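What the coordinates show
So the chains spell out like this:
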Amino acid sequence: ALLLFGVAVGGTSVKALQRSEFGALLPTALAAAGRLCGDKVAPDLLRARAFALLRRLGDAVCALVPADLPALLDAAACALAPSEPLVVRVSACRAFCRFLTAVSDKPLRDRLLVERGVLTSLGSLMR
């Protein structure tokens, strides 16, 4: 369902998306994807798809649920760990890069990059 939703609404502006027939589904889809990103017991491909959907709908995420960005970044930072499956790590990396600049809290960004080990994880991901 996340894949179909992402394909159907990807590339649509936030205002057009809110006015479309998918507008009513948007909060549910964003909430479900957000929950899946942090759920380590969810199947790997489902978690990867959730990160991909949130990245694809990045403008909508930033406009409609900006309060969820720190939690999303934290989930992405955790999913970048070398112990995570490669498909999850790649999707989490793309989502992390998309939303890191959307957060204006510099201490939070620095904490995620250094204390959460994102920089180290990125190095291991490149190998």
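Now for a description of the structure that goes with this document. (Residues numbered from 1 in each chain as written. Predicted model: local features only at pLDDT ≥ 70, side-chain atom pairs only at ≥ 80, totals over all residues. Heavy atoms only, no water.)

Relative to the elements of secondary structure, Ala-16 occurs in helix 2 (residues 14-19). Distance from Ala-16 to Ala-31, taken between C-alpha atoms, is 20 Å for residues 15 residues apart in sequence. (Helix = DSSP H or I, 4+ residues; strand = E, 2+ residues; numbered from the N terminus.)

With that out of the way, let us pick up the packing of helix 1 (residues 2-9) against helix 4 (residues 44-56). The N-to-C vectors of helix 1 and helix 4 enclose an angle of 20°; their axes lie 9 Å apart at closest approach. Judged by the angle between their axes, helix 1 and helix 4 are roughly parallel. Pair helix 1 / helix 4 crosses with left-handed handedness. Side by side, helix 1 and helix 4 meet where Leu-2, Leu-3, Phe-5, Gly-6 and Val-7 of the first sit next to Leu-46, Arg-49, Ala-50, Leu-53 and Arg-56 of the second. Classifying every residue of the contact of helix 1 with helix 4 by side-chain character gives seven nonpolar, one polar and two charged. (Axes fitted to C-alpha atoms, helices over the stretch in contact; angles between N-to-C directions. Parallel < 35°, antiparallel > 145°, perpendicular 65-115°, else oblique. Left-handed = near helix turned anticlockwise from the far one by under 90°. Contact = heavy atoms within 4.5 Å. Nonpolar A, V, L, I, M, F, W, Y, C, P; charged D, E, K, R; others polar.)

What follows deals with the packing of helix 3 (residues 26-37) against helix 4. Following both chains from N to C, one finds helix 3 and helix 4 inclined at 130°, their axes separated by 8 Å at the closest point. Judged on the interaxial angle alone, helix 4 and helix 3 are oblique. Here the hand of the crossing between helix 3 and helix 4 comes out left-handed. Along the contact surface, helix 3 presents Ala-29, Leu-30, Ala-33, Gly-34, Leu-36 and Cys-37, while helix 4 presents Leu-46, Arg-47, Ala-50, Phe-51, Leu-53 and Leu-54.

With that settled, consider the layout of surface pockets. Within this model, the largest pocket holds a volume of roughly 180 Å³. Along its surface, the largest pocket is lined by Pro-27, Leu-30, Ala-31, Gly-34, Cys-37, Leu-54, Val-61, Val-65, Asp-68, Ala-71, Leu-72 and Ala-75. Broken down by element, the residue count for the lining of the largest pocket peaks at five residues, all from helix 3. A breakdown of the residues in the lining of the largest pocket according to their chemical character gives 10 nonpolar, one polar and one charged. (1 Å grid on protein atoms, 1.4 Å probe; cavity = no way out; pocket = protein on both sides within 12 Å on 5 of 7 lines; lining within 4 Å. Points joined across faces, edges and corners; volume = space filled by probe spheres on them.)

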